[in-house]
Amino acid sequence: MDLLAEEINRHNKLYHTDDNPEISDSEYDNLICELQKLENEFPLLANPNSPTQKVGNAPQKGFNTIEHTVPMLSLGNAFSEKNVADFIDRICKFLTLSEMPEIVAEPKIDGLSCSLTYKQGVLIQALTRGDGKKGEDITINVKTIKNIPHKLKGENIPYIVDVRGEVYIANLDFENLNNEQAKNGLKVFANPRNAAAGSLRQLDSTITAKRPLKFFAYAIGECSSEFKYHTDELKNIKNWGFVDIPYTKTFTKLNDMISWYEKVTNERQNWGFAIDGIVYKVNDISLQKRLGFIAKSPRWAIAHKFPAQQVTTILEKIDIQVGRTGVITPVARLKPVNVGGVMVSNATLHNEDYIKDRDIREGDTVFIERAGEVIPKVQSSVIAKRPKNSTKYIFPTTCPACGSNLVRSEGEAAYRCINHLNCAAQIEARLTHFVSKKCFDIDGMGEKQVKAFLKKGFIKNIVDIFRLKNKSNELKTLDGYGEKSIDKLLISIESSKNISLPRFIGSLGIHMVGEQVAILLAEKYSNLVTLQQVINENPQEIANIDGIGHKIMSNLEQFFIEPHNQQMIKELIAEGVNIAEYKPNKIESIFTGKTVVLTGTLQKMSRAEAKARIQELGGKVSSSVSAKTDFIIAGEAAGSKLKKAESLGVTILDEKIFLQKIIR
Ligand code: IVH
């Protein structure tokens, strides 16, 4: 037994430390199996330091969260050729290029992203993406993944480097894993991604060690060395001992990118691992830096998603849902069906016109489509399979929850219930949104609890959530809630009170004001008082924010003008809700907190880029010169604005000086 253990240890070292394996993975697995068998047969002879014990470590208590030195971003999506063309167009305009820059196309692996930190070539930390800023420390688990080197090999190893990529499970391994799980009466995973996530985020790393996880590397995060091109990064990653991302190509023509995408659409089934799109990335890193990012996604990359997978099933019933803003959505209740590994029993029908145009009826056989993580939708009916007695669907004219007449405004597709304050369905949806993960994140409170508490009259509105502590005795008498669970709930309500500004804004449930918009607002205004003031005094300024626009601005205005909404915010604060001042990671510069006006034509940079640069450096870009203007950037042929600035004594920077000031 000891001899076998020694042999395995030798192979471990050859594999992980020396990168010079002598046997294949499956031969290695056989050795481990053999040793395990012997140890089971003769437990008294088993060595506690045996390699069968060492692959993973003892269970841990939860995961620590650790900040990423360089945030892990997400990607914007393109669903059509036009979206990709627009992406290239935007880049060219932003950078004032007449031809598209070189683009790297990589498969978008359907797994779990992970950032691996190597110091002096040694793996010291592995984090999940988490919320992009902070990830979970899964170092111990990651060390059990066979194709992740514990030590980098080759040359050009930076003092510190984050290697980023996707942890995934290959299709065949996934099938085998699920068969094993089912045989042992354990959880069967819906798809390879879920299985990978479930396996990686195990508190007991010995379980992770038994799962067939693999890693594809596709990017570098923090790094003490610089690279000129993304393809250089990939080359180095490969030389350091990683499996680099396969099927990667570079392009200089949009048409070629699209042809490649089409080819991959048909061929990916044979690749052996799940991908859900192609990621296009600008190859030149200096251009990536200039393009920067907006909210959480880079301007220099996009994910071109594959068309949804389709199946057919029976549409049993059409239900009407009332959302938190009163929007009425018809929902298809389906005979449950598997779409791309996920069981689907509900799908959206969008709105009245959608149903009418496609003549979709209850009882029809319908095509269901699921695109990535988006809610599945009913695509069309199969007329040939329509039951004989079927009738056209008639859209309701009153709210199914409160009975008010439904309103459909000019030019809008959706009906709305405008009984915002008293419609039970809207109140419930708003409360459920408010406590949800991305908002106040109240552990132990979800749709079910909101429903129950509303029904019992424990809460009537959002503020009441923070008054539940006064009702703890009554709460404890509720069916299905013990003393402990209520105490726990009250603690999580209390601890949710300290909240960041973007989360708070998102929690308000304002139409079209989600996470990304909330971040943009927080980046610009830092605190709620300033935001409210600008909404009242200068809403146009909000509409001008890149990524916001008029519709969102008017939704914000409508919300904040309502006296009962103002009252609600006051009461929340009175109940101890504490909204932290937002501190974006802005670099201090001469533009920080200053108002800058751009005029004339810049030679080396588009207006959009100059504006983005100033904003990144904490400056405000305004379109007109006034006594409040701090700087004017004067390009060629600057006219009246420059004259006015001169007369007001505003500091004038020409293009050359401007470029010097924004250098990084
Ligand atoms: S690049 C800013 N490349 O997609 C760059 N991501 O929606 C962000 N992913 O969290 C990542 N394959 O989990 C990149 N070849 C690839 C990828 C990839 C899969 C995932 C990754 C990321 C998500 C972004």
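Residues numbered from 1 in each chain as written. Predicted model: local features only at pLDDT ≥ 70, side-chain atom pairs only at ≥ 80, totals over all residues. Heavy atoms only, no water.

A. Examining the sheet that holds strand 9 (residues 249-251) more closely. Strand order in the open sheet formed by five strands is 2-13-10-3-9, and the pairing between neighbours is mixed. Two strands bound the open sheet, and with one partner strand each, they are strand 2 (77-78) and strand 9. Strand direction decides the pairing type here: strand 10 (residues 275-282) and strand 13 (residues 301-305), joined by five bridges, are antiparallel. The residue bridging V279 from the neighbouring strand is A303, located in strand 13. Here helix 4 (residues 81-95) sits on the sheet and contacts strand 2, strand 3 (103-109), strand 10 and strand 13; the angle it forms with strand 13, its principal contact strand, is near 170°. With respect to the sheet, helix 10 (residues 254-267) is in contact with strand 3, strand 9, strand 10 and strand 13, its orientation differing from that of strand 10 by roughly 160°. (Pairing = 2+ DSSP bridges. Helix = DSSP H or I, 4+ residues; strand = E, 2+ residues; numbered from the N terminus. Contact = heavy atoms within 4.5 Å. Axes fitted to C-alpha atoms, helices over the stretch in contact; angles between N-to-C directions.)

B. Focus on helix 23 (residues 563-574). In this model, helix 23 (12 residues) spans 16 Å end to end at C-alpha, consistent with the 16 Å of a helix rising 1.5 Å per residue. Within helix 23, the full set of buried residues consists of N565, M568, I569 and L572. Projection of helix 23 onto a plane perpendicular to its axis shows the buried side chains occupying an angular sector of 95°, all on one side. In helix 23, the exposed positions that point more than 90 degrees away from the buried face belong to P563, K570 and A574. Packing partners of the buried residues in helix 23 comprise helix 13 (424-435), helix 15 (462-465), helix 18 (501-507), helix 20 (528-537) and helix 22 (550-561). With its phi angle positive at about 100°, G576 sits one or two positions after the end of helix 23. (Expected span 1.5 Å × (residues − 1). Buried < 20%, exposed > 50% of the residue type's maximum accessible area, 1.4 Å probe, protein only. Arc of directions from axis to C-beta.)

C. Representation of the site of the ligand within the structure. Neighbouring residues of the ligand: 16 residues in total, closest E106, I109, E166, Y218 and K281. Here a nitrogen atom of the ligand sits 2.8 Å away from a polar atom, N or O, in the side chain of E106. With respect to the ligand, the side chain of K108 contributes an N or O atom lying 3.4 Å from an oxygen atom. Look at the ligand: alone it shows 520 Å² of surface, and the protein chains cover 88% of it. Looking at the shell around the ligand, the elements with two or more residues in it are strand 3 and strand 10. Among the elements that take part in the shell around the ligand, strand 3 stands out by supplying four residues, more than any other. Taken together, the residues of the shell around the ligand break down into nine nonpolar, two polar and five charged. (Near = heavy atom within 4 Å. Polar contact = N/O pair within 3.5 Å; in protein donor to acceptor, adjacent residues only side chain to side chain. Areas by Shrake-Rupley, 256 points an atom, 1.4 Å probe, with all protein chains shown as cover. Nonpolar A, V, L, I, M, F, W, Y, C, P; charged D, E, K, R; others polar.)

D. Expanded view of the pattern of salt bridges. Taken as a whole and assessed by the stated rule, the structure comprises 37 salt bridges. Among the salt bridges present, the one from D276 reaches K108, with a minimum N-O distance of 3.8 Å. With a gap of 168 residues between them, D276 in strand 10 and K108 in strand 3 connect regions that are remote in the sequence. A relative accessible area of 16% means that D276 is categorised as buried. For K108, a relative accessible area of 21% corresponds to the partly exposed category. With a shortest N-O distance of 3.0 Å, D359 and R361 are connected by a salt bridge. (Salt bridge = Lys/Arg side-chain N within 4 Å of Asp/Glu carboxyl O.)

Structural measurements only, silent on function.
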